[in-house]
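# Descriptive structure summary
Below, each chain spelled out in residue letters.
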Amino acid sequence: MTGPLPPLTSIPRDLVSAGDYARRAQDHLPPATLAYLEGGAGDEITLRENTAAFSALKLAPRQLVDVKGGHTRLSLAGEQLAHPFLLAPVGWQKLFHPGGELEVARAAQAMDTVFAVSAVATTAIEALVVPGGAPVWFQIYMQASREATAGVVRLAEASGCRALIVTVDAPLAGLRNREQRAGFALPAHLEAENMPEVQPIPAAGEGAGVSRVFDQAMHTAPTWKDVDWLVRQTRLPVFVKGILHPDDAARAVETGAAGVVVSNHGGRVLDTAPAALHALPAVAARLNGAVPILLDSGIRRGADAFKAIALGATAVMVGRPYIHALAVAGALGVAHLLRTLREELEITMALTGCARLADITADHLWRGPESPT
Ligand code: FNR
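Residues numbered from 1 in each chain as written. Predicted model: local features only at pLDDT ≥ 70, side-chain atom pairs only at ≥ 80, totals over all residues. Heavy atoms only, no water.

## Regarding the overall build of the protein chain
Helix and strand counts for the protein chain stand at 12 helices and 10 strands. In terms of C-alpha radius of gyration, the protein chain reaches 20 Å, essentially the compact-globule figure of 21 Å for 373 residues. Counting only C-alpha atoms, the protein chain reaches 70 × 55 × 45 Å along its principal axes. Across the 373 residues that make up the protein chain, the buried fraction comes to 53%. (Helix = DSSP H or I, 4+ residues; strand = E, 2+ residues; numbered from the N terminus. Rg over C-alpha atoms; globule rule 2.2 N^0.38 Å. Buried < 20%, exposed > 50% of the residue type's maximum accessible area, 1.4 Å probe, protein only.)

Structure (structure tokens):
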């Protein structure tokens, strides 16, 4: 039996899409790690819906439009970005490549992309920030104590991170059955390098009759009051990630958040939650341009970003696709994937008659008899 292949040092010619990287990544990762990466909660219905929602939505090609001088630039939270593909926070990246987050950070710098570093990154945040370079954002989970959370915020600020993302949709770990069946466990040598000493969760009790959910995990889980507090702790823009309901989006804006991330965590937390794309229009309608909206969960093609933008997103984040590219070919793979997504988006824009991201509207989605909307 042979183990997983080491990362490649050049890109084979048959790797031309995110799907190609996803297939090729199977050869580069052990089965239990793959189950952790690919799996979703429960029966993985939301996981499948995330991509199916994009496939079902059709484009409306428009011919003979002058798109000379077109581009994919945008400004977001004070940053000028070359394209709308951000790298979503994904934990424990040394599971997927020995260089982990450092490889991803290099690709992000080369491709002028925001790298949102996970709360459970396996690399010290200071090593990932390039002064004056492409922005690095830091994702946080609220800790059991405010002191601990404030410590993480100070670390992110001192390291030169330019925005925070607070992830609110995973106060407890989703039941990822695929991962459970594969017996996935984090290797002992990996550590969350930027986390404060993990405090034991003060359990309300033990034994029969005690709920592991309500009496333990949720006992110290954050509420909106904690997000209000967090936003006041920092001058950095704070994005609230994991929003699906328009009322929650409005509540996030009330806290003073700089933006929201419409996301179901890549289908990893609550199965049969809606596809992120399906949740987007109502959120966009409610926020009515008050703050930028990012979307993740299911982005696999440049055309998917186009569809999300048409329905109200400012930009998108990708999760698993860049991890596949990381496993296959490190920084080179991630940079190549980003270039591919950007080119796919440019082609989609050109063929639908959109010269700029601001030109992309719901009018560029097919509303004919075959339309699901
Ligand atoms: C994640 N995601 C995630 N989100 C977060 O806020 N903090 C984290 O540490 C992680 N870790 C993580 C690990 C793995 C293996 C995956 C696949 C995902 C969720 C991530 O930011 C993003 O929401 C989804 O990955 C987007 O869906 P796609 O692009 O994977 O379909």
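## Considerations on the packing of aromatic side chains
What the rule picks out here adds up to 3 aromatic pairs. Where Trp-137 meets Phe-239, the ring centres are 4.9 Å apart and the plane angle is 20°; that geometry is what we call stacked. Of this pair, Trp-137 sits in strand 5 (residues 136-140) while Phe-239 sits in strand 7 (residues 238-243), placing them 102 residues apart in sequence. The two residues Trp-137 and Phe-239 agree in class, both being buried. Three or more aromatic residues link up through ring pairs in this structure, and these residues are Tyr-36, Phe-96 and Phe-184. Sitting over the face of the ring of Tyr-36, Arg-268 holds its NZ or CZ atom 5.0 Å from the ring centroid. (Phe/Tyr/Trp six-rings, centres within 6.5 Å; stacked < 30°, edge-to-face > 60°. Lys NZ or Arg CZ within 6 Å of the ring centre and 35° of its normal.)

## Observations regarding the packing of helix 3 (residues 45-56) against helix 10 (residues 276-287)
Where helix 3 meets helix 10, the closest approach of the two axes is 7 Å, and the angle between their N-to-C directions is 70°. For the element pair helix 3 / helix 10, the angle class is roughly perpendicular. Two secondary-structure elements touch here, helix 3 through Glu-49, Asn-50, Ala-53 and Phe-54 and helix 10 through Ala-276, Leu-277 and His-278. Classifying every residue of the contact of helix 3 with helix 10 gives 4 nonpolar, 2 polar and 1 charged. (Axes fitted to C-alpha atoms, helices over the stretch in contact; angles between N-to-C directions. Parallel < 35°, antiparallel > 145°, perpendicular 65-115°, else oblique. Contact = heavy atoms within 4.5 Å. Nonpolar A, V, L, I, M, F, W, Y, C, P; charged D, E, K, R; others polar.)

## Remarks on the site of the ligand
Inspection of the region around the ligand gives 24 residues, with Pro-89, Ser-118, Thr-167, Asp-296 and Arg-300 positioned closest. Within the backbone of Gly-91, an N or O atom sits 3.1 Å from a nitrogen atom of the ligand. Contact distances for the ligand include 2.9 Å between an oxygen atom and a side-chain N or O atom of Arg-320. Starting from 600 Å² of accessible surface for the ligand in isolation, the protein chains cover 98%. Looking at the shell around the ligand, the elements that each hand over two or more residues are helix 2 (31-38) and helix 12 (320-352). By residue class, the composition of the shell around the ligand is 9 nonpolar, 10 polar and 5 charged. (Near = heavy atom within 4 Å. Polar contact = N/O pair within 3.5 Å; in protein donor to acceptor, adjacent residues only side chain to side chain. Areas by Shrake-Rupley, 256 points an atom, 1.4 Å probe, with all protein chains shown as cover.)

## Side note on unusual backbone geometry
Glycine aside, a negative phi is what most residues show, and trans is what most peptide bonds show. With a phi close to 65°, Glu-44 is a non-glycine residue in the positive phi region. Looking at where Glu-44 falls in the secondary structure, it is placed in the loop between helix 2 and helix 3. Classification of Glu-44 as buried rests on a relative accessible area of 11%. Phi is positive for Ala-77, close to 50°, though the residue is something other than glycine. Within the secondary structure, Ala-77 is located in the loop between strand 1 (74-76) and strand 2 (79-81). Ala-77 gets classed as partly exposed once you look at its relative accessible area, which sits at 30%.

## What about helix 4 (residues 101-110)?
Along helix 4, the residues that are buried comprise Glu-101, Glu-103, Val-104, Ala-105, Ala-107 and Ala-108. On the buried face of helix 4, the contacting elements are strand 3 (85-87), strand 4 (115-117) and helix 12. Just beyond helix 4, the residue with positive phi is Asp-112, at close to 55°.

## Points about the nonpolar core
Ranked by size, the top nonpolar core spans 110 residues in total, and within it Trp-137 and Tyr-322 carry the most contacts. Per element, the largest residue contribution to this core is 14 residues, and it comes from helix 12. (Core = buried A, V, L, I, M, F, W, Y, C linked by side-chain atoms within 4.5 Å.)

## Quick notes on the pairing of strand 6 (residues 163-167)
Within strand 6, 5 of the 5 residues are buried, leaving the element largely enclosed by the surrounding structure. Here strand 6 shows a buried face lined by Ala-163, Ile-165 and Thr-167 and a second buried face lined by Leu-164 and Val-166. Relative to strand 6, strand 5 runs parallel, the two sharing 4 bridges. Its bridge partner being in strand 6, Ile-140 is matched across the sheet by Val-166. One ladder, built from 4 bridges, connects strand 6 with strand 7; its direction is parallel. Within strand 7, the residue paired with Ile-165 across the bridge is Phe-239. (Pairing = 2+ DSSP bridges.)

Purely geometric numbers; function is a separate question.
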